[in-house]
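Reading the structure
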Amino acid sequence: MADLSLPKDALFLGFDSSTQSLKATVLDSNLVIVASELIHFDSDLPHYKTKDGVYRDPSVNGRIVSPTLMWVEALDLIFQRLSKAKLDFGKIAAVSGSGQQHGSVYWKTGSSALLSSLDSKKPLVDQLRSAFSIDESPIWMDCSTTAQCREIEKAVGGALELSKITGSRAYERFTGPQIRKIFETQPEAYKNTERISLVSSFMACLFIGAYACIDQTDGAGMNLMDIKERAWSKAALQATAPDLEQKLGKLAPAHAVAGPIASYFVERYNFNKNCLVVQWSGDNPNSLAGLTLSTPGDLAISLGTSDTVFGISKVPQPGLEGHVFPNPVDTEGYMVMLCYKNGSLTREDVRNRCAEKSWDVFNKFLEQTPPLNGGKIGFYYKEHEILPPLPVGFHRYHLENFTGETVDGLNEKEVQEFDPPSEVRAVIEGQFLSMRAHAERFGMPSPPKRIIATGGASANQSILNAIAAIFGCDVYTVERPDSASLGGALRAAHGWLCNKEGSFVPMSSMYKDSDKSSVSCKLSKTAGDQSLVKKYSVLMQKRIEIENRLVQKLGRC
Ligand code: XUL
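Below is a short write-up of the structure. (Residues numbered from 1 in each chain as written. Predicted model: local features only at pLDDT ≥ 70, side-chain atom pairs only at ≥ 80, totals over all residues. Heavy atoms only, no water.)

With that out of the way, let us pick up the packing of aromatic side chains. Here the structure, examined in full by the defined rule, presents 26 aromatic pairs. Note on Phe12 and Trp496: the rings are 6.5 Å apart at their centroids and 70° apart in plane angle, and the pair reads as edge-to-face. With a gap of 484 residues between them, Phe12 in strand 1 (residues 11-17) and Trp496 in helix 19 (residues 483-501) connect regions that are remote in the sequence. Assessed through its relative accessible area of 0%, Phe12 is described here as buried. Members of the aromatic cluster, joined through ring pairs, are Phe15, Phe79, Phe89, Phe207, Tyr264, Phe265, Tyr269, Phe271 and Trp280. Above the plane of the ring of Tyr190 lies Lys247, whose end atom (NZ or CZ) is 4.7 Å from the centre. Over the aromatic face of Phe379 sits the side chain of Arg543, whose NZ or CZ is 4.0 Å from the ring centroid. (Phe/Tyr/Trp six-rings, centres within 6.5 Å; stacked < 30°, edge-to-face > 60°. Helix = DSSP H or I, 4+ residues; strand = E, 2+ residues; numbered from the N terminus. Buried < 20%, exposed > 50% of the residue type's maximum accessible area, 1.4 Å probe, protein only. Lys NZ or Arg CZ within 6 Å of the ring centre and 35° of its normal.)

Of all six residues that make up strand 21 (residues 376-381), five are buried, and the element is covered over most of its length. Sheet topology places strand 21 next to strand 22 (residues 393-399); six bridges connect them, and they run antiparallel. Opposite Phe379, over in strand 22, you have His395 as the bridge partner. (Pairing = 2+ DSSP bridges.)

Where helix 15 (residues 344-354) meets helix 17 (residues 420-441), the axes come as close as 9 Å, and the angle between the chain directions of the two elements is 175°. The orientation of helix 15 relative to helix 17 falls into the category roughly antiparallel. Listed contacts from helix 17 to Thr346, Arg347, Val350, Arg353 and Cys354 of helix 15 are Pro420, Glu423, Val424, Val427, Ile428 and Gln431. Partitioning the contact of helix 15 with helix 17 into residue classes produces six nonpolar, two polar and three charged. (Axes fitted to C-alpha atoms, helices over the stretch in contact; angles between N-to-C directions. Parallel < 35°, antiparallel > 145°, perpendicular 65-115°, else oblique. Contact = heavy atoms within 4.5 Å. Nonpolar A, V, L, I, M, F, W, Y, C, P; charged D, E, K, R; others polar.)

Let's shift gears to the pattern of salt bridges. In total, this model carries 30 salt bridges according to the counting rule given. Here the salt bridges share partners, and the residues they tie into one network are Lys51, Asp52, Arg56 and Glu383. (Salt bridge = Lys/Arg side-chain N within 4 Å of Asp/Glu carboxyl O.)

As summarised here, the arrangement of the seven strands in space is 19-20-18-17-24-25-26, forming an open sheet in which the pairing is mixed. If you trace the sheet from one side to the other, it starts and ends with strand 19 (323-326) and strand 26 (521-525), each paired once. Going from strand to strand, the sheet's axes swing by 30° on average, the running direction of each strand aside. Both strand 19 and strand 20 (residues 334-340) contribute to a ladder of four bridges, which runs antiparallel. Across the sheet, the residue bridging to Val324 is Val336, located in strand 20.

Once that is clear, we can look at the sheet that holds strand 4 (residues 55-56). Spatial strand order, 4-5-8: three strands in an open sheet with antiparallel pairing. Because the sheet does not close on itself, it has two edges, and the strands there are strand 4 and strand 8 (136-138).

Here the largest pocket is characterised by a volume of approximately 850 Å³. In terms of lining, the largest pocket is formed by 41 residues, of which the most central are Lys23, Leu303, Gly304, Thr305 and Gly456. Elements with a contribution of two residues or more to the lining of the largest pocket: strand 2 (21-28), strand 3 (33-40), helix 14 (283-290), strand 17 (298-303), strand 20, helix 15, helix 16 (359-368) and helix 19. Split by residue class, the lining of the largest pocket holds 11 nonpolar, 22 polar and eight charged. The space that makes up the second largest pocket amounts to roughly 310 Å³. Those elements that place two or more of their residues in the lining of the second largest pocket are helix 14 and strand 18 (307-313). Among the residues making up the lining of the second largest pocket, the classes are represented as 11 nonpolar, seven polar and two charged. (1 Å grid on protein atoms, 1.4 Å probe; cavity = no way out; pocket = protein on both sides within 12 Å on 5 of 7 lines; lining within 4 Å. Points joined across faces, edges and corners; volume = space filled by probe spheres on them.)

And the structure:
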């Protein structure tokens, strides 16, 4: 039998280039975390003047971008920090990572030559200042492309048809509609672009000093890829922009090697020249890998700048809601996902307004208010929401005669405000009731066998209590809430192993029997009281009724 063990002394480096920060996690060959580091864009790179890592353009409705160069500068900075922490780069056998999904980078004609001749004596940022035809990358929070979404859907025969091909109907943040908008509004810049990367493949480009392929999982977040063929869809390409296929380059499986590490890193940071760069992927796919999600009944909830709910599936069933991507660690399976734009920043807004800017006060309020919040329901959209597609706004209702037995005859009264503790419970219950309702509607397991929570807010015990109560199942957590960069390090090890074997090997072959590694999950909360779960089902039904009405009245983003 083949030896599927990792070399004893080797280290594996994973990154996550996310909305607000760049994170790094290093695993040893027992898959134990030995180092981690974080660059916070707003505070560590203040000269870019971002707020939450982004620019919100006041002149164009819904335009949200980030300076591409900031991501480049963050990379050299995180290496300086890792050097200070005495990380031995020479031991790193493979590197991989993730980027926020859907964000895109536009390389100017001639930039491949720049990339392949990086001078290790100079910082990357000084060498790549003129490398981009568009300096501000559209990111996943952008929702300025509604017109392009409708045009693309129409061109391929409708929203459902596009979803059947690409795994999702057209979404404003997806890269295809963003590319179409650039082609329509900045034709010269589009013409002058020789390669379009996703944030993930962009970071891989820096590591290999050449254009890296887009991986098939993150590629599915573009409205451009045929998810069954794992190849660009001719129909979607044609519906989007001319000459697109050559600008996108090839697709590659997530476990493939993108290339050997560029001499820039060998000379500047003493990497071994044999260090491999494994394809980068999206942050949600990497989290799926980092959480080692491999059982169909399991559901993951990631609580970060965006909140996402995801699981795995053997059979893709794309619809008008939710997304289907190829599974990054299973060459035949799929990953299914829901995404919410109003995640941590919206929770923080309620904390700041109602809980003295303190998580302790926020948690105290959450604990002291009764489950079901006495029938008080809130919808909090600080940003245009993706699911449901509703504009910025807060909506509060009080179901005065709510008992939890039935939705029949419930009186709902719209109110302007709740007392602070009820507002805190309303935002939390609202977020998780919405997740449960949409997950059920999308055919995700109900109730799930278990939930694995990750992301910053998964460290909050009061929030975990609410999840267990609303979903009625056990809630597990991982050692570190940053599962995306951990997933990057794991996928680096997995890609290294696949490369050694010369073919795909299941990721599970890397786990030892008595798993003392940093990837094992631990039970944090047991399933809530089942009679309460039933009452939450009634509240959820009523909430969806109100939500549908709001969508009819206020429409899409
Ligand atoms: C997923 C999505 C977000 C970003 C956040 O579709 O848009 O979760 O990946 O980084």
